[in-house]
Amino acid sequence: MKLQKFSTLIAVCTLSFAATSAHAAKFLISFKDQNQAQAFKTLVQNHEAQDLRITDDLAELQVLIIEAQNQEQILAFADIKDLNFIEKQKTYAAPRAQIMPTLTSNMPRMTLFGGQLPVSQGLKMISVPQAWKMTKGAGARVMVIDSGIDKNHPVFAGRIEKVQNFTADGGPQDVTDTEGHGTHVAGIIAAQAAQEEVGVAPEAKLLIAKVCGSKGCNNDAVAKALLWALREKVDVVNMSLGGGGSVPEQFMIKQLDGEQIPVVAAMGNNGMEATPMPAGYISVTAVGAVDANGKRAAFSNWSPALDLMAPGVSIRSSVPRGTGRIAVASFQNAAGEFKALPAVTYANVPVKSLKESAVFGEFGKVEDLANLAVAGKVLVVKRGNLPLLDKIKNAQAAGATALVICNNDGALVSGSLSEDPNEIKIPVIMVETTSGEDLILNLLKTETLVVRMEIQGADYAEFSGTSMASPYVAGVVALMRSVVPGITGWKIREIMNGSASPIKTEIPNQTGKGLVNAKASVDGAYAVRKKYKKIK
């Protein structure tokens, strides 16, 4: 396949391995004239350009990746007027789940006493079950550019077509998901469980591009993944990640648009007016997040670039097996009865079962615990006045065996509280407000009150963020392409935008065209099917 702009392809060169300093950086460079590019490579290969090293040659993009001390060192051997661009390799933090409230009302949960998955409210909100009467995505191919996937998770059995690792972690086929983010995103798109359909397009195929590794996400890895999407002619690309963008990334987005391959991306979680890349590129469908009530999530960015909204708060989906957490807890009152404590727990908390006496420690501040006999007991505290992670650290320092945080409003906080998997050393749960108040009241009456708690590993977790909203829309595109394989990316955007349910806000551009509607989008595609031939 030839790209629109560059028709001449550079032959892959023999890479030079000249010694470079430990402080060297990498730069992406592209020449206007390929004869000049070849001359530059010859200089490097013959060691005439000292301390420069070609670490990669993205031939189809006509981009070289050069290791050097600084940009000036490269420009000593290449005239800037001969370049399309030169830019430093950028590394962005790997995408992680947004820590946001988990609504407790009408939220069925997986428990230790039943293996069924909860009914997905997100699928119902955007009318996916109604769209399934026409298609479940069979024939559609979705590329997920993210942190990888747990290939052996049961919900992906038969769903994964190809994988490719564009990071320095492992071999080219090693897409191990150390962050959990990519597995969660892929599940929203195409997971298929034994009990029920849990992805938007459960019969679609997945192509997994790992671009985020242990050291973050490099802009050249993203460009390589987009090139792979172009080669594979996938039906839609999902990018639940952000960054400052790059020239190669922008170039590849344009190529995909020219080939009518839709790209869907998350708007970001800063809760402000902002236009992140790749969501900000004109041909990309930018997606924001709404809560279970259909209102814009407080963390969801907005700008004129925003196209659509989709569910993004407390979205339950797959995570690498055993890395999710579920909690079951109860306390024994003065009458000897055990009363249930509806609760959530957090990523990376220890898997443990215990039954211990409890002690009340107000808000869990150092001064609150100073005169309490906390060691060897379950510490019960109220939410507020102190960050959750600080409460946990104080409880651990005081010798508590576990921490129970009693909520102070109508929502529970779920997700990850720390990037360090070893920072949380004791079981931690947050219980809903009414049960928490009951627990504290009984604890103040009965000094010997006992709390029973069990935390188990799980294959599913609830995350929040625009990262979770974007795959809902990508899944809808897969359904549309399943019904009409040849429908253009432009027509797909027109149909989704035109059929979305408007969301009223006081500030302009906060919700784009509104909440995506899967049923209306599929119907819209089917209505124009005779105009399009299958693209393959």
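Residues numbered from 1 in each chain as written. Predicted model: local features only at pLDDT ≥ 70, side-chain atom pairs only at ≥ 80, totals over all residues. Heavy atoms only, no water.

## Let's talk about the overall build of the protein
Formally: Secondary structure follows DSSP: runs of H or I at least 4 residues long count as helices, runs of E at least 2 residues long count as strands, and numbering of each begins at the N terminus. Note on exposure labels: buried denotes an accessible area under 20% of the residue type's maximum, exposed denotes more than 50%, and partly exposed covers the range between, all computed with a 1.4 Å probe on protein chains only. The Shrake-Rupley method, run with a 1.4 Å probe sphere, supplies the accessible areas, and residue values consider only the shown protein chains as cover.
Helices and strands together make up the secondary structure of the protein, namely 13 helices and 26 strands. By residue count, 57% of the 536 residues in the protein fall in the buried class. Approximately 21,900 Å² of the protein is accessible, and the part contributed by carbon and sulfur atoms is 50%.

## Quick word on the sheet that holds strand S3 (residues 63–68)
Convention followed: At least two DSSP bridges between two strands are required for those strands to pair. An axis is simply a line fitted to the C-alpha atoms; with a helix, the fit covers only the stretch in contact. Between two such axes, the angle follows the N-to-C directions and lies from 0 to 180 degrees. Working rule for contacts: check all heavy atoms of both residues, and any pair within 4.5 Å makes them a contact.
A sheet is described by the order of its strands in space; here four strands give the open sequence S2-S3-S1-S4, paired in antiparallel fashion. Two strands in the sheet have a free side with no partner beyond their single neighbour: strand S2 (53–58) and strand S4 (83–88). Neighbour-to-neighbour, the strand axes of this sheet turn through a mean angle of 20°, independent of strand direction. Note: strand S1 (residues 25–31) against S4, five bridges, orientation antiparallel. Across the sheet, residue Phe31 finds its bridge partner in S4, namely Leu83. The strands touched by helix H7 (residues 247–258) within the sheet are S1, S3 and S4, with S4 carrying the most contacts at an inclination of about 125°.

## Quick look at unusual backbone geometry
In this structure, Pro278 follows Met277 across a cis peptide bond, with omega equal to 10°. Mapping Pro278 onto the fold places it in the loop between strand S13 (263–266) and strand S14 (285–290). Here Gln260, not a glycine, exhibits a phi torsion of approximately 60°, which is positive. Mapped onto the secondary structure, Gln260 falls in the loop between H7 and S13.

## Describing the state of the cysteines
Which entries qualify depends on this criterion: Criterion for a disulfide: a pair of cysteine sulfur atoms within 2.5 Å.
For the coordinates displayed, the defined rule picks out one disulfide. Residue pairing for Cys212: its cysteine sulfur links by disulfide to Cys217, the two sulfurs lying 2.0 Å apart. Across the S-S bond linking Cys212 and Cys217, the dihedral sits near 110°, which makes this disulfide right-handed. Considered together, Cys212 and Cys217 belong to a single accessibility category, that of buried residues.

## Things to note about the nonpolar core
Using the following cut-off: Residues grouped as a nonpolar core are buried Ala, Val, Leu, Ile, Met, Phe, Trp, Tyr and Cys residues, joined through side-chain atoms within 4.5 Å.
Grouped together as the largest cluster of nonpolar side chains are 108 residues, with contacts concentrated most on Ile145, Leu206, Val237 and Met239. Here this core gets eleven residues from one element, more than from any other, and that element is helix H11 (residues 466–483). Excluding its chain neighbours within four sequence positions, the residues that come into contact with Met239 are Ile145, Val222, Leu226, Glu249, Ile253, Val263, Val264, Ala265, Ala266, Pro278 and Ser470. Formed by 43 residues, the second largest nonpolar core is a distinct cluster that contains Val349, Leu354, Val381 and Val451.

## Describing the pattern of salt bridges
Put simply, the rule is: Take a side-chain nitrogen of Lys or Arg and a carboxyl oxygen of Asp or Glu: if they are within 4 Å of each other, that pair is a salt bridge.
Under the definition given, this model contains 19 salt bridges. Salt-bridge contacts for Asp56 lead to Lys224; the nearest nitrogen and oxygen are separated by 2.5 Å. Here Asp56, found in strand S2, pairs with Lys224, found in helix H6 (residues 219–232); they are 168 residues apart in sequence, far enough to count as distant. As a salt-bridge pair, Arg316 and Glu462 come within 3.9 Å of each other at their nearest N and O atoms. With Arg316 in strand S16 (residues 315–318) and Glu462 in strand S26 (residues 460–463), the pair connects residues that are 146 residues apart, well separated along the chain. Because the salt bridges share partners, they merge into one network encompassing Arg141, Glu161, Lys162 and Glu232.

## Considering the sheet that holds strand S25 (residues 450–458)
What links the strands of a sheet is backbone hydrogen bonding, and the strands pair in either a parallel or an antiparallel sense. Across the sheet, which stays open at both edges, the eight strands sit in the order S18-S17-S25-S20-S21-S22-S24-S19 with mixed pairing between neighbours. Each edge of the open sheet is held by one strand with a lone partner, namely strand S18 (338–340) and strand S19 (343–345). Taking the axes of each pair of neighbouring strands and ignoring which way they run, one obtains an average angle of 30° across the sheet. Relative to S18, strand S17 (residues 324–332) is paired through three bridges, and the arrangement is antiparallel. Looking across to S18, one finds that Gln332 is bridged to Phe338. Helix-sheet contacts for helix H10 (residues 433–445) involve S17, S18, strand S20 (352–360), strand S21 (378–382), strand S22 (402–406), strand S24 (428–431) and S25, and the interaxial angle to S20 is about 60°.

## Observations regarding the confidence of the model for the protein
In low-pLDDT regions, the fine details of the predicted coordinates are not to be read closely. Condition: The predictor's confidence in any single residue is recorded as pLDDT, a number from 0 to 100.
Looking at the protein, pLDDT values average 85 and 89% of them are 70 or higher. Overall, residues 1–22 carries pLDDT values under 50, and its contacts beyond four positions in sequence, including any with other chains, amount to 53 contacts. Scored below 50 in pLDDT, residues 103–119 shows 36 contacts in the model against residues more than four places distant or in partner chains.

## So, the layout of surface pockets
Empty space among the atoms becomes apparent when a probe as large as a water molecule is rolled across them. The following threshold applies: In this analysis, the protein atoms alone were mapped onto a 1 Å grid. Cavities are point sets where a 1.4 Å probe fits without being able to get out; pockets are open sets with protein on both sides within 12 Å along at least five of seven lines; lining residues have an atom within 4 Å of a point. Grid points are joined across faces, edges and corners, and a volume is the space filled by probe spheres set on the points. For this scheme, ten residues count as nonpolar: Ala, Val, Leu, Ile, Met, Phe, Trp, Tyr, Cys and Pro. Four count as charged, namely Asp, Glu, Lys and Arg, and the remainder, Gly too, count as polar.
Space inside the second largest pocket adds up to approximately 520 Å³. Taken together, 21 residues line the second largest pocket, and the ones lying closest to its centre are Lys26, Gln89, Thr167, Ala168 and Asn218. Counting residues per element, the ones that place at least two in the lining of the second largest pocket are S2, strand S11 (216–218) and H6. Here the residues of the lining of the second largest pocket sort into six nonpolar, nine polar and six charged.

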